[in-house]
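Observations on chain architecture
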Amino acid sequence: MKYRTVVMYMEIGCFVSCLCGWILVCSTLPTEYWTFSEVGSVVLTTSNYYSNLWRDCISDTTGVSDCKDYPSMLALPAFLHACRALAVCSVITGFFGGVLTLVGMKCTKIGGSEVANARVTFAAGITYLVSGFCGMITYSWWANKLVTEFLDPTFRAQKFEIGAAVFVGWGGSTLLISGATVMTYFSGKEGLPSRSPKRPRRPATYATARTRRTYMLPNTSSRGNMGPPLYYEDRKSRGTRAPTKTSATFNRDSFV
């Protein structure tokens, strides 16, 4: 199996994982069971309190339930505003991540070259990562607040427990982060330019010394040798150069 086929199937699996996680995160926003509390000592008078980011609800054993939105937006604590903003950012970034993934996947053939598709898929993976981390921060922050208030002995108000929507959000955020991580790794490996390590510089030797005679251009009249003269030509010319001083020669008769 070719590497391109393996990457294509990997992208499809990561996209399905991220899409399922995004759907799970979206399904938790309208769900009221972010917090849950049961009050009452008698079965016939038991009341259930549950709430989410937008409203508070109550139900009793007769099946009657009533929900009420928060009366004032400015009167809400900053914690609730932050959770709302993070949840909405998770949904929005997950949507754009899905659009970018459909454009950059190898099986859709919508983008241009292979490198361009890999870069678009890399951007989609980063967007999915942002969506997953926004959701994970939201649910973890919400659960930490509930657990802290529940275990605090000095907290006198009504205590709540973690609802089912928080666990569903944790699962969806985990799918988003895991799928986006694998997608980002494979697409970044193909789309992003890798810097090649610098080659070690060749040490200068006598054979590669840059002398003036080494880089002299050849004569235009000689077409046989078009390259520059080698370094040893200077040495050869020095060896064959005529001596400037001639030594006198004597024979045996001249001393007589």
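Residues numbered from 1 in each chain as written. Predicted model: local features only at pLDDT ≥ 70, side-chain atom pairs only at ≥ 80, totals over all residues. Heavy atoms only, no water.

1. Regarding the overall build of the protein
Regarding its fold elements, the protein presents 5 helices and 5 strands. Each helix (α) and strand (β) of the protein, taken in turn from the N terminus, gives the series α-β-β-β-β-α-α-β-α-α. By the burial criterion, 29% of the 256 residues in the protein qualify as buried. Of all intrachain contacts in the protein linking residues separated by at least 6 positions in sequence, the fraction that spans at least 24 positions is 62%. (Helix = DSSP H or I, 4+ residues; strand = E, 2+ residues; numbered from the N terminus. Buried < 20%, exposed > 50% of the residue type's maximum accessible area, 1.4 Å probe, protein only. Contact = heavy atoms within 4.5 Å.)

2. Here we look at the sheet that holds strand 2 (residues 47-51)
If you trace the 5 strands from one edge of the open sheet to the other, you get 4-3-2-1-5, paired in antiparallel fashion. One side of each edge strand has no neighbouring strand; the edge strands of this open sheet are strand 4 (65-69) and strand 5 (161-162). By the bridge criterion, 5 bridges tie strand 2 to strand 3 (residues 55-60) in an arrangement that is antiparallel. Bridged to Ser47 within strand 3 is Asp60. (Pairing = 2+ DSSP bridges.)

3. A short note on the nonpolar core
Core analysis: the largest hydrophobic core is formed by 25 residues, its most contacted members being Leu29, Trp34, Leu53, Tyr128, Trp142, Val166 and Leu176. At the level of elements, helix 1 (3-28), helix 2 (78-104), helix 3 (114-151) and helix 4 (164-191) are the ones that each hand at least two residues to this core. When residues in this core are grouped by element, the largest group, 6 residues, is from helix 3. Ignoring any residue separated from it by four or fewer positions in sequence, one finds Leu29 in contact with Trp34, Asn52, Leu53, Trp54, Ala87 and Val91. (Core = buried A, V, L, I, M, F, W, Y, C linked by side-chain atoms within 4.5 Å.)

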